[in-house]
Amino acid sequence: MSSFNTHQRRVYDEGLPTRARHTNLRSCLVHFAPYGFRATYHHLCLSAGIPKDLEKDPSSLIRAVEELHHARQLWLADEHAYANSRRADKARGFRQVKADESWRGWQRGWGNIAYCPEPTLHPDEPLPVVWSGCSVRRSRPMKLLR
(Lines give C-alpha, C1' and ligand atoms only; values in the text may rest on other atoms or scores of the structure.)
Protein backbone atom coordinates (compact mmCIF):
# COMPACT_ATOMS: atom_id res chain seq x y z
CA MET A 1 0.00 0.00 0.00
CA SER A 2 1.36 3.43 -0.94
CA SER A 3 1.80 6.19 1.60
CA PHE A 4 -0.06 9.46 2.06
CA ASN A 5 2.96 11.35 0.73
CA THR A 6 3.11 9.22 -2.43
CA HIS A 7 -0.53 9.93 -3.23
CA GLN A 8 -0.10 13.60 -2.35
CA ARG A 9 2.75 13.91 -4.87
CA ARG A 10 0.55 12.28 -7.52
CA VAL A 11 -2.20 14.85 -6.89
CA TYR A 12 0.36 17.59 -7.65
CA ASP A 13 1.58 15.81 -10.81
CA GLU A 14 -0.03 17.73 -13.68
CA GLY A 15 1.29 15.14 -16.12
CA LEU A 16 -1.28 12.66 -14.82
CA PRO A 17 -4.87 12.69 -16.05
CA THR A 18 -7.20 14.67 -13.82
CA ARG A 19 -9.18 11.52 -12.95
CA ALA A 20 -5.99 9.80 -11.76
CA ARG A 21 -5.13 12.83 -9.64
CA HIS A 22 -8.63 12.72 -8.16
CA THR A 23 -8.24 9.02 -7.36
CA ASN A 24 -4.98 9.83 -5.58
CA LEU A 25 -6.70 12.52 -3.51
CA ARG A 26 -9.22 9.90 -2.40
CA SER A 27 -6.34 7.52 -1.65
CA CYS A 28 -4.92 10.18 0.68
CA LEU A 29 -8.19 9.91 2.59
CA VAL A 30 -7.54 6.22 3.18
CA HIS A 31 -4.52 7.30 5.24
CA PHE A 32 -6.00 10.36 6.98
CA ALA A 33 -9.71 11.14 7.20
CA PRO A 34 -10.46 13.15 10.34
CA TYR A 35 -14.24 12.91 9.93
CA GLY A 36 -14.24 9.46 8.35
CA PHE A 37 -13.73 8.85 4.63
CA ARG A 38 -17.07 10.04 3.24
CA ALA A 39 -17.53 13.05 5.51
CA THR A 40 -13.94 14.25 4.99
CA TYR A 41 -14.29 13.87 1.21
CA HIS A 42 -17.57 15.81 1.31
CA HIS A 43 -15.90 18.53 3.39
CA LEU A 44 -12.99 18.80 0.92
CA CYS A 45 -15.37 18.96 -2.06
CA LEU A 46 -17.10 21.94 -0.46
CA SER A 47 -14.06 23.75 0.94
CA ALA A 48 -11.86 23.33 -2.15
CA GLY A 49 -14.73 23.70 -4.59
CA ILE A 50 -14.14 20.41 -6.39
CA PRO A 51 -16.55 20.43 -9.36
CA LYS A 52 -18.31 17.35 -10.74
CA ASP A 53 -16.43 17.92 -14.01
CA LEU A 54 -12.84 17.93 -12.76
CA GLU A 55 -11.54 19.36 -16.04
CA LYS A 56 -13.24 22.69 -15.19
CA ASP A 57 -11.03 23.25 -12.12
CA PRO A 58 -8.16 20.77 -11.72
CA SER A 59 -6.46 23.14 -9.24
CA SER A 60 -9.27 22.35 -6.78
CA LEU A 61 -7.57 18.99 -6.21
CA ILE A 62 -4.41 20.80 -5.09
CA ARG A 63 -6.40 23.05 -2.74
CA ALA A 64 -8.05 19.98 -1.23
CA VAL A 65 -4.84 17.99 -0.73
CA GLU A 66 -3.11 21.05 0.77
CA GLU A 67 -5.87 21.46 3.35
CA LEU A 68 -5.74 17.75 4.16
CA HIS A 69 -1.93 17.77 4.35
CA HIS A 70 -1.84 20.76 6.69
CA ALA A 71 -4.31 19.12 9.09
CA ARG A 72 -2.36 15.85 8.90
CA GLN A 73 0.88 17.65 9.80
CA LEU A 74 -0.77 19.06 12.93
CA TRP A 75 -2.10 15.63 13.83
CA LEU A 76 1.28 13.94 13.27
CA ALA A 77 3.03 16.53 15.46
CA ASP A 78 0.51 15.86 18.22
CA GLU A 79 0.88 12.08 17.83
CA HIS A 80 4.67 12.44 18.06
CA ALA A 81 4.39 14.57 21.22
CA TYR A 82 1.94 12.05 22.72
CA ALA A 83 4.27 9.13 21.94
CA ASN A 84 7.19 10.92 23.59
CA SER A 85 5.05 11.73 26.63
CA ARG A 86 3.86 8.12 26.96
CA ARG A 87 7.42 6.83 26.58
CA ALA A 88 8.59 9.16 29.37
CA ASP A 89 5.64 8.16 31.60
CA LYS A 90 6.37 4.47 31.10
CA ALA A 91 10.04 5.02 31.91
CA ARG A 92 8.91 6.57 35.21
CA GLY A 93 6.68 3.55 35.87
CA PHE A 94 3.31 5.11 34.97
CA ARG A 95 1.54 2.52 32.82
CA GLN A 96 -1.99 3.96 32.85
CA VAL A 97 -3.03 6.64 30.35
CA LYS A 98 -3.67 10.00 31.97
CA ALA A 99 -7.33 10.95 32.33
CA ASP A 100 -6.89 14.06 30.16
CA GLU A 101 -5.64 11.88 27.29
CA SER A 102 -8.66 9.59 27.24
CA TRP A 103 -9.96 11.33 24.08
CA ARG A 104 -7.83 8.96 22.05
CA GLY A 105 -10.07 6.13 23.17
CA TRP A 106 -13.09 7.51 21.33
CA GLN A 107 -11.23 7.88 18.04
CA ARG A 108 -12.66 5.46 15.51
CA GLY A 109 -9.55 4.18 13.79
CA TRP A 110 -6.37 5.65 12.43
CA GLY A 111 -6.76 9.36 11.78
CA ASN A 112 -10.47 9.65 12.60
CA ILE A 113 -10.28 12.69 14.85
CA ALA A 114 -13.96 13.63 14.90
CA TYR A 115 -15.87 10.82 13.22
CA CYS A 116 -19.06 11.95 11.46
CA PRO A 117 -21.34 9.02 10.61
CA GLU A 118 -23.51 11.27 8.39
CA PRO A 119 -21.23 12.49 5.55
CA THR A 120 -23.00 15.82 5.11
CA LEU A 121 -22.85 16.77 8.81
CA HIS A 122 -19.37 18.00 9.63
CA PRO A 123 -17.76 21.25 10.77
CA ASP A 124 -17.57 23.98 8.11
CA GLU A 125 -14.19 25.37 9.16
CA PRO A 126 -10.99 24.27 7.40
CA LEU A 127 -9.58 20.98 8.72
CA PRO A 128 -6.51 22.59 10.39
CA VAL A 129 -8.78 24.97 12.32
CA VAL A 130 -11.00 22.11 13.45
CA TRP A 131 -7.98 20.02 14.43
CA SER A 132 -6.52 22.89 16.46
CA GLY A 133 -9.80 23.23 18.35
CA CYS A 134 -10.15 19.49 18.80
CA SER A 135 -6.62 19.03 20.12
CA VAL A 136 -7.26 21.67 22.76
CA ARG A 137 -10.50 20.01 23.94
CA ARG A 138 -9.18 16.48 24.23
CA SER A 139 -11.25 15.47 27.19
CA ARG A 140 -14.54 15.30 25.29
CA PRO A 141 -15.68 14.55 21.72
CA MET A 142 -16.39 17.46 19.41
CA LYS A 143 -20.04 18.43 18.92
CA LEU A 144 -20.88 17.92 15.29
CA LEU A 145 -24.56 18.69 14.98
CA ARG A 146 -25.53 22.26 14.26
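None of the values given here were measured: they were computed from a predicted structure. (Residues numbered from 1 in each chain as written. Predicted model: local features only at pLDDT ≥ 70, side-chain atom pairs only at ≥ 80, totals over all residues. Heavy atoms only, no water.)

Enquirer: Looking at this structure, I do not really get the overall build of the protein. What am I missing?
Expert: Scanning the protein from N- to C-terminus turns up five helices and zero strands. Taken from the N to the C terminus, the helices and strands of the protein come in the order α-α-α-α-α. Counting across all 146 residues of the protein, residues that qualify as buried make up 42%. Sequence separation of 24 or more characterises 65% of the internal contacts of the protein that already satisfy a separation of 6 or more. (Helix = DSSP H or I, 4+ residues; strand = E, 2+ residues; numbered from the N terminus. Buried < 20%, exposed > 50% of the residue type's maximum accessible area, 1.4 Å probe, protein only. Contact = heavy atoms within 4.5 Å.)

Enquirer: Honestly, helix H2 (residues 18-31) in this entry has me stumped. Any pointers?
Expert: Given a rise of 1.5 Å per residue, 14 residues ought to cover 20 Å, and the 21 Å separating the end C-alpha atoms of H2 matches this to within 8%. Listed in full, the buried residues belonging to H2 are Thr18, Arg21, His22, Asn24, Leu25, Ser27, Cys28, Leu29 and His31. Where H2 is buried, its residues meet helix H1 (4-12), helix H3 (37-48) and helix H4 (59-91). (Expected span 1.5 Å × (residues − 1).)

Enquirer: What's the story with the packing of H2 against H3 in this structure? I'm lost.
Expert: Helix-helix packing is characterised by the crossing angle of the two axes and by the distance between the axes. Where H2 contacts H3, the axes come no closer than 10 Å and their chain directions differ by 135°. Taken together, the axis directions place H2 and H3 in an arrangement best described as oblique. The way H2 lies across H3 gives a crossing that is right-handed. Together, His22, Arg26, Leu29 and Val30 of H2 and Phe37, Thr40, Tyr41 and Leu44 of H3 make up the contact between the two elements. Of the residues contributing to the contact of H2 with H3, the split by class is five nonpolar, two polar and one charged. (Axes fitted to C-alpha atoms, helices over the stretch in contact; angles between N-to-C directions. Parallel < 35°, antiparallel > 145°, perpendicular 65-115°, else oblique. Left-handed = near helix turned anticlockwise from the far one by under 90°. Nonpolar A, V, L, I, M, F, W, Y, C, P; charged D, E, K, R; others polar.)

Enquirer: It is not clear to me how H3 should be interpreted in this structure. Could you clarify?
Expert: An α-helix turns once per 3.6 residues; consequently, residues spaced three or four apart project the same way. The end-to-end C-alpha distance of H3 is 16 Å, a good match for the 16 Å that 12 residues give at a rise of 1.5 Å each. For H3, the set of buried residues is Ala39, Thr40, Tyr41, His43, Leu44, Cys45 and Ala48. Just past H3, the residue glycine 49 takes up positive phi, approximately 70°.

Enquirer: Can you walk me through the nonpolar core in this structure?
Expert: Soluble globular proteins: nonpolar side chains tend toward being buried together. Formed by 22 residues in total, the largest nonpolar core has its most connected members in Leu25, Ile50 and Leu68. Counting only elements with at least two residues in this core, the list comes to H1, H2, H3, H4 and helix H5 (127-136). Among the elements that line this core, the one with the most residues is H4, at six residues. If sequence neighbours within four positions are ignored, isoleucine 50 has contacts with Leu25, Leu44, Cys45, Ser60, Leu61 and Ala64. (Core = buried A, V, L, I, M, F, W, Y, C linked by side-chain atoms within 4.5 Å.)

Enquirer: Can you walk me through the packing of aromatic side chains in this structure?
Expert: Where two aromatic rings form a pair, the distance of their centres and the angle of their planes describe that pair. On inspection of all chains with the given rule, the structure shows one aromatic pair. With centroids separated by 5.3 Å and ring planes inclined at 35°, the aromatic side chains of phenylalanine 32 and tryptophan 75 adopt a geometry described as tilted. Here phenylalanine 32 is found in the loop between H2 and H3, whereas its partner tryptophan 75 is found in helix H4, with 43 residues between them in sequence. The class for phenylalanine 32 is buried, based on a relative accessible area of 2%. Above the plane of the ring of tyrosine 41 lies arginine 26, whose end atom (NZ or CZ) is 4.5 Å from the centre. (Phe/Tyr/Trp six-rings, centres within 6.5 Å; stacked < 30°, edge-to-face > 60°. Lys NZ or Arg CZ within 6 Å of the ring centre and 35° of its normal.)

Enquirer: Help me understand the packing of H2 against H4 in this model?
Expert: In contact at an axis separation of 10 Å, H2 and H4 are set at 15° when each is read in the N-to-C sense. Taken together, the axis directions place H2 and H4 in an arrangement best described as roughly parallel. In this structure, H2 meets H4 at a crossing whose hand is left-handed. Side by side, H2 and H4 meet where Thr18, Arg21, His22, Leu25, Cys28 and Leu29 of the first sit next to Leu61, Ile62, Ala64, Val65 and Leu68 of the second. Across the contact of H2 with H4, the residue classes break down as eight nonpolar, two polar and one charged.

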